[in-house]
Amino acid sequence: MSVFAQLYRYRFPLLFLSFWLAIVLMVNNYSAYSQLITLSYPETTDKNIVIKNTHNLSMNGSVRKTILENGLTILTKEVRTAPVVTVQVWYKVGSRNEEPGVNGIAHQLEHMMFKGTTSRPIQFGRLFSALGSDSNAFTSYDQTAYYGTAESEKLKALLELEADRMQNSPIAAEQLASEKRVVISELQGYENDSEYRLNRAVMRAAFPYHPYGLPVGGTKADVNNFTVEQVRKYYHNFYSPDNAVLAIVGDFQTDDAIAFVTEKFGKIAKNNQELTNNKQQLIINNQELATKNPIILKEPGAAAILQAVYPLPDINHPDSPALDVMDYILSEGRNSRLYQVLVDSGIATDVSGSVASLMDFGWYELSVTASPKEDLKKIDGILTKEITKLAQKGVNADELKRAKVQFEAGVILGNRDITSQAMQLANDETVTGDHNYINRYLERLRKVTSQDVQRVAKQYLKSNVRTVGYFQPSRAATVSKANGKANLNHTHESFISSGTVDAVDISKYLPKVEKDSKRTSNSQNQPESIELANGLRILMLPDKSTPTVTLSGYIKAGSEFDPENKAGLAELVADNLLNGTKTKNVLSLAIALEERGANLEFNALREGVRIEGDTLATDLPILLHTLADAVQNPIFPSKELELSRKQSLNAIEQDLDEPAEVAKRAFVQSIYPKTHPSHNLTTEDSLRRISRRDVIEFKAKHYRPDRTILTMVGDFDPELVRSLINQEFGNWKNNGEAPSVDYPAVSIPDSIVRVNTVLPGKAQAIIYMGNTAINRQDGRYYAALVLNQILGGDTLSSRLGAEVRDKQGLTYGIYSNFLAGKNSGTFLIEMQTSPEDANRAIASTRKLLEEMNQKGVSEEEVEAAKRTAISNYIVSLANPDELTHQILMNEVYGLEHNELIDFTDKIDSITLTQVNQAARELLHPDKIVVVTAGPTVVVGQGTVK
């Protein structure tokens, strides 16, 4: 489960154990499936950072470092903003420590660490779920990390579980065989992405003699050949206290925590074997490492892509801050050099850059997605020319200042929650040996000069040391479909459902949890609500813990209002709000935000336009002024509008090559009839029909203050904000009656509906299963949440996860969800699987649905699910992004004023009878839509041909 609501800037690549599904088909109009290719980690901060005279960013406590006799490094930081705590264990082992033939073994071991211990022979995901902990893990080049965030009273339990698996994981042969299937499913999921395939080829060519050139997750061939002995060897060699960093951040007492850590971890013996990395160090100026000619991949896909990699020094090198500033000048934001010459010109649809700073060395990666019919060689020439220009002529003072502010603001904004704070501390300690590294880094970054930026560009961005790759689609992605209704029989294969997970068995292995009588944190405060004379509503919740403000908003101007033949109109309007107003052009608007490191985005979803923004507290007036200008005074310049349309057309073409997006489209249009607003999806034809006049008229009709809600959480004075809101939005007028849209009632299918979409060049199939369901106002909503937690709320602890993923190894991840919008809702199960396993996975899923529909669930399951849902909710509200979103959506849905606080009581009051009634009324294994998208699904036993 992802801990980042927003990724500001990437710092180090990682692979997650399981992916997080952010699916809201009704309110959020985007794909349910998020492919997690190799990512990078956003900068966060520790303390003592000052920007524009903002107050000290100690984050309510200083960091204490303790080293036990066995070598375990402990970092503790008390943060009293909410009654939650995060526990993280970082091991100094990653793909960097691998050898030929065992690529991916660190990642495989990470998976095995959830399979139980000798003293707790149970899936650890179930234990973490029972504790209500937001827990997961990832593997990177230099480290493997395990983290969990839960209520403060669960601190000792989390520590006890981490101490147990540091020393007692058996790595059983049967479990390894099953989990290897899961890992291969994960890797093949990445193979669906052409950018991942290109990056793998470029990195291997760039660093052929170092593990950094290998994919972090490994290869199918190596994973297939892993033996129990090999995995156990890595476990015993690298999982020891003297090779680990334990970080604890949140609401706890440091002395008590250290004493408990000493008790549980102190008795674990350290590894006396000296851990070394014998891999060859990279010589930056070794021209032989560069590939003179581009690596060319000609494979099925939608868009042409260019990637270039330049070797850089290690993370502790003095040039690192100047390289980050250089990257921001080249690639960060609308005013960056590469964005202007490539994207604003229409030659490319996207350009991105990132500096990877690792232990042995690093690299600078540039990636460009070409517009249709644009030549990659031409783009490469423009890229090289712009880099040469920077190296020869340098940068100006405005660029330098803006890049520094953007970077530093990103650090602060990325450190608003305790999980991110702990990750920053642990990463810096693991990779650099100094948990205060970020503070020293920012001090050095502030001193970077224009001459420094020019020098590092000239020194490191040389054409003769780079490795470049071109992805050239061999043909346009073609789609073949097989639609129709079929009665899928239950599978005849000999596998047995795991059935009910016995809560008594789980409780037997759970560490004891005691209520914390010393808790100092207060209960959740209620936001203050005001309404302007024009009907605009604002909800404000002051929080002085960090000098930041998080803003979320809603305007009832979503795609539900799109004309039938002009789908995409609402999205085109939202995408162009920041492309020019009556007083500012597109670059002026971008500069106003970027020179302060602020962020503001508009996203048109099904039931409304979502507004997302964040800023340093001192710059809140600028953020509100820009927002007000964008929603009241946009002029939709023709040039920018046509460029936006072109980018949207390119995005559709790329979406139709993504199995997740294709599956979502097929699923939505299969469960909703043409008369329903959700059926109307954007196409190339519908986008081309939209005129500038359509855009102007849509904005004038649907953007109204009486259909707008704003929420803010952060460091502000409510009276001053009230004054600012009146000043910026008080003169906004409503024109005529507010538009409305009808949502007709939709029945579930009479039988199973199968839709199979084949996409060439894909390795994994995406499966959607479900039907229409309840909306947010339905009285069964809370019972459905509890039911879903049992069914598929977590891929490691749910019935679906236990059977389809953990026992049978058929999928990397499987989830279910009741997606309850304001006007309609959807029940959805989603999974990723190999084509040969797809029918078996579908049959297993339907069998579990039938069991729950006919037999119900147990009292123990309901009580455990309620505890998990309540704990997860409390933990989520400690994150300002999630808290702001929750406040907003409660208002959008028209819920009671006390819903923010009363939600936990409503969940707690749900009974077994209510959950089983929901199972009978909402789960329909024989009346669902089943969509597969990706490679051809192999018809196997147990299916109707």
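The rules behind each value
Residues numbered from 1 in each chain as written. Predicted model: local features only at pLDDT ≥ 70, side-chain atom pairs only at ≥ 80, totals over all residues. Heavy atoms only, no water. Helix = DSSP H or I, 4+ residues; strand = E, 2+ residues; numbered from the N terminus. Buried < 20%, exposed > 50% of the residue type's maximum accessible area, 1.4 Å probe, protein only. Pairing = 2+ DSSP bridges. Salt bridge = Lys/Arg side-chain N within 4 Å of Asp/Glu carboxyl O. Phe/Tyr/Trp six-rings, centres within 6.5 Å; stacked < 30°, edge-to-face > 60°. Lys NZ or Arg CZ within 6 Å of the ring centre and 35° of its normal.

Per an unreviewed UniProt entry, the protein goes by Peptidase M16 and derives from Brunnivagina elsteri CCALA 953.

## A few points about unusual backbone geometry
Backbone geometry places isoleucine 171, a non-glycine residue, at a positive phi of 55 degrees. Mapped onto the elements of the fold, isoleucine 171 is located in the loop between helix H3 (155-167) and helix H4 (173-191). For isoleucine 171, a relative accessible area of 2% corresponds to the buried category.

## A look at the pairing of strand S11 (residues 362-370)
The buried count for S11 comes to nine of nine residues, which makes it a mostly enclosed element. In the sheet, strand S10 (residues 348-357) pairs with S11 via nine bridges, with the strands oriented antiparallel. Across the sheet, serine 352 pairs through a bridge with serine 367, a residue of S11. The hairpin formed by S10 and S11 contains four residues between the paired strands.

## Notes on the pattern of salt bridges
Inspection of every chain in the model, using the stated rule, returns 51 salt bridges. Aspartate 380 is the partner of arginine 466 in a salt bridge, and the nearest nitrogen-oxygen pair spans 2.9 Å. Linking arginine 466 in the loop between helix H15 (450-460) and strand S12 (467-473) with aspartate 380 in helix H11 (residues 376-393), this pair joins segments that are 86 residues apart in sequence. Across the pair, aspartate 380 and arginine 466 agree in class, each one buried. Where glutamate 612 meets arginine 610, a salt bridge forms, and the shortest distance between an N and an O atom there is 2.0 Å.

## Structural notes on the packing of aromatic side chains
Inspection of the entire model under this criterion finds 27 aromatic pairs. These aromatic residues form a ring-pair network of at least three members: Tyr91, Phe114, Phe124, Phe128, Tyr146, Tyr235 and Tyr239. In this arrangement the basic side chain of arginine 165 is found over the ring face of phenylalanine 114, its NZ or CZ atom lying 4.7 Å from the centre.

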